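Read off the chains here:
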Amino acid sequence: MWLKNIAFIVLATVVLASLANWLLSPPKVEAVDDPVIVVADDFQAAKLAVDAQFQEVWQARELQPAPQADDLTIARRISLGLTGSIPSLEEIRLIENRPDEDRLAWWVNHLLEDRRYGDYMAERLSRAYVGTENGPFLIFRKRRFVTWLSDQLMENRPYNELTQDLIADSGLWTDHPAVNFITATVDQDGTKEPDVAMLAGRVTRAFLATRIDCVQCHDDNLGGDLKQSDFHELASFFREAQNSFVGIMDKKGKPYDYQYLHAEEETTVPAQAPFNQHLIPESGGTLRNRLASWVTHPENKPFSRAIVNRVWAVMTGRPLVEPVDDIPLKGSFEKGNFPAGLDPLVDDFIAHNFDLKRLIRLIAATEAFGRDSRADHEITAQHEQAWAAFPVTRLRPEQVIGSVNQASSLSTLNADSHVLTKLITYGETNDFLQRYGDAGEDEFSMDGGTIPQRLLMMNGNLVTERTKNNFVRNAATRISQLSPNDETAVETAFLCVLTRRPNPVELEHFTDKLENEEIPSNRSQDFEDIYWALMNCTEFAWNH
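Conventions we followed
Residues numbered from 1 in each chain as written. Predicted model: local features only at pLDDT ≥ 70, side-chain atom pairs only at ≥ 80, totals over all residues. Heavy atoms only, no water. Axes fitted to C-alpha atoms, helices over the stretch in contact; angles between N-to-C directions. Helix = DSSP H or I, 4+ residues; strand = E, 2+ residues; numbered from the N terminus. Parallel < 35°, antiparallel > 145°, perpendicular 65-115°, else oblique. Left-handed = near helix turned anticlockwise from the far one by under 90°. Contact = heavy atoms within 4.5 Å. Nonpolar A, V, L, I, M, F, W, Y, C, P; charged D, E, K, R; others polar. Salt bridge = Lys/Arg side-chain N within 4 Å of Asp/Glu carboxyl O. Buried < 20%, exposed > 50% of the residue type's maximum accessible area, 1.4 Å probe, protein only. Patch = residues over 30% accessible without salt bridge, like charges linked within 9 Å, V, L, I, M, F, W, Y side chains within 5 Å. Areas by Shrake-Rupley, 256 points an atom, 1.4 Å probe, with all protein chains shown as cover. Pairing = 2+ DSSP bridges. Domains from an automatic or database assignment. Phe/Tyr/Trp six-rings, centres within 6.5 Å; stacked < 30°, edge-to-face > 60°. Lys NZ or Arg CZ within 6 Å of the ring centre and 35° of its normal. Expected span 1.5 Å × (residues − 1).

As annotated in an unreviewed UniProt entry, the protein carries the name DUF1549 domain-containing protein and is attributed to Bremerella alba.

Below is the structure:
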């Protein structure tokens, strides 16, 4: 009988060891061979041009830059910026198995081929294009629009072509999802037609980073050059767009009449651009086609500055120019109008046919993006303002829940996850966002967190469900049961939640707690507490 017991114990030990090895050991290196890192010959030159401007500013302001951040810290930033969540343990193992010299470039390429990038970036960009409201019933399909936008991003369609579709496409909102940019403004209670004023405001803010809508009702009385006529002449490009049973179409010759402030009667407003008028095609296509050509013209630099500034903000949490949709129309770095980095990024973006993925790779490779957020010397607001240190920013609501869910799973939560996992995650995300609050269109606000948000993290269902004893779903339970020793278990928990290993003091603190026999507890409960503490620490809630 005792031989059977010994055999059972040996067999059980082997099974548990194999299971632990499968769950905690790094995946095989062969899996990391794709995607191949391809860098154009002039990529390094573009990077050096961006770095040179930042270094010039640091020297002029006598700012000692922070040291280079470690690879896992930078990988966490890249992941938060491109997918809205932290890297999984599985991905951390993959990154660390790459050669030092290419692991971050590989990580960027890896995420750019991951559907999470398309979905997350599409959601962020859609806020500027159509807002965050549900929009008109039936004729506005937000989910369809975001999915289409995600498809374009995954294909890396040139950004000028994508924008031209948004401004000028025709048809049904289901078959031609780009027209949801137009139908989002339809006044269902009034004219039943697209709102030309709202469209003019969205075009200038989203695609040109210019707040021309401030002169909708009167001329600029604060010393600016813009007139009320500039706004309505731009709005006039949308006057022929109409809503019909076949979707958005253009009715040629339809006038736009408006009564300006102090005018005695309405006047027919011609279609005209507020600046760079020589770039408007004299003929061809609809008025919206001509507007789209003007907006996206390579010489119309506000267009490229707008998306470069917005992508930089999505990846770092803070735009180069604040606010993100208000960049001076003219100027240069040399004249002091634009911050370091903007001009060379814009020039490279235009020279490479409005290639968004190249822009993202370039931003991630810059010296400013890779600087640490802390240093042995004092880090001041001037350091962060000049990007001599990476600015610390609060995670957005979807980044918080994305990171909580990812930290509670040892494997990557992505498009390949089980359908039940995706359904549960979708439901939890919506519920959490309703309680935590959405950043809305003003998504780069530097406001601090609120007390209700902190209480939700400490006492809410999400963190409780993602840390409690559940061997099937929660990493905390798996780590507690399958790690070979306390040191490995604590290190794995830190990697899962904070994307770093514990320092010696932290490791000693937690292992001492685990080994303390005077405190009655069980191992699952111990790791539930450790996970709860890590998810509620300040470091977890910030991009740094």
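So, next bit.
Let's shift gears to the packing of helix 23 (residues 486–498) against helix 24 (residues 504–515). Helix 24 packs onto helix 23 with a crossing angle of 125° between their chain directions and a minimal axis gap of 10 Å. Regarding the angle of helix 23 to helix 24, the classification is oblique. When the axes of helix 23 and helix 24 are compared, the crossing they make is right-handed. The residues of helix 24 that touch helix 23, namely those facing Asp 486, Glu 487, Val 490 and Phe 494, are Glu 506, Leu 507, Phe 510, Thr 511, Leu 514 and Glu 515. Considered class by class, the residues forming the contact of helix 23 with helix 24 number five nonpolar, one polar and four charged.

As enumerated under the stated definition, the model contains 31 salt bridges in all. Residues Asp 102 and Arg 98 are paired through a salt bridge, measuring 2.7 Å at the closest nitrogen-oxygen approach. The exposure class of Arg 98 is buried, given its relative accessible area of 13%. Among the ionic pairs, Asp 486 bridges to Arg 523, the shortest N-O distance being 2.7 Å.

By the secondary structure assignment, Pro 298 is in the loop between helix 12 (287–295) and helix 13 (301–316). Residue Pro 298 is classed as partly exposed on the basis of its relative accessible area, which comes to 40%. The spatial distance from the C-alpha of Pro 298 to the C-alpha of Pro 397 is 35 Å, given a sequence separation of 99 residues. Setting aside residues up to four positions removed in sequence, Pro 298 forms contacts with Ile 350 and Phe 354.

Let's shift gears to a nonpolar patch on the surface. Taken together, the side chains of Val 419, Leu 420, Leu 423 and Ile 424 make up a nonpolar region of the molecular surface, amounting to roughly 380 Å² of accessible area. With respect to the helices and strands, Leu 420 occurs in helix 19 (residues 419–436). With a relative accessible area of 53%, Leu 420 lands in the exposed category.

Turning to the pairing of strand 1 (residues 241–244), a few remarks are in order. Bridge count for strand 1 against strand 2 (residues 247–250) is four bridges, and the pairing is antiparallel. Residue pairing across strands places Ala 241 opposite Asp 250, the latter belonging to strand 2. The turn joining strand 1 and strand 2, which pair antiparallel and follow one another in sequence, is formed by two residues.

Attention shifts here to the domain arrangement of the protein. The parts lose accessible area when they come together, and the size of an interface is often stated as this lost area. Taken domain by domain, the protein consists of domain 1 (132–296), domain 2 (301–386) and domain 3 (392–543). For domain 1 versus domain 3, the separation of C-alpha centres amounts to 43 Å.

Moving on to unusual backbone geometry. Cis peptide bonds are those with omega within 30 degrees of zero, and the linkage from Glu 322 to Pro 323 qualifies with -10°. Here Pro 323 is to be found in the loop between helix 13 and helix 14 (342–351). Positioned with a positive phi, Asn 156 is a non-glycine residue whose angle comes to about 55°. On the basis of relative accessibility, which here comes to 21%, the residue Asn 156 falls in the partly exposed class. Here Thr 499, not a glycine, exhibits a phi torsion of approximately 55°, which is positive.

Right, let's get into the packing of aromatic side chains. The description of an aromatic ring pair rests on the distance of the ring centres and on the angle between the ring planes. Summed over the entire model, instances satisfying the criterion amount to 18 aromatic pairs. With 6.3 Å between their ring centres and 75° between their planes, Trp 387 and Phe 390 make a pair best called edge-to-face. Residue Trp 387 shares its accessibility class with Phe 390, and that shared class is buried. Put simply, the rings of Phe 54, Trp 58, Trp 312, Phe 369, Trp 387 and Phe 390 pair up and form one aromatic cluster. The ring of Phe 390 carries Arg 77 above its face, with NZ or CZ at 3.8 Å from the centroid. Seen from the ring of Phe 471, Arg 478 lies directly overhead, with NZ or CZ sitting 5.9 Å from the centre.

For helix 6 (residues 115–130), built from 16 residues, the straight-helix expectation of 22 Å at 1.5 Å per residue is met to within 8% by its first-to-last C-alpha distance of 22 Å. A positive backbone phi angle near 80° is found at Gly 131, which sits one or two residues after helix 6.

On to the environment of Val 246. Relative to the helices and strands, Val 246 resides in the loop between strand 1 and strand 2. Spatially, the C-alpha atoms of Val 246 and Arg 396 are 39 Å apart, while their sequence positions differ by 150 residues. In this view, Val 246 contacts Gly 171 and Leu 172; residues no more than four positions away in its chain are not counted.

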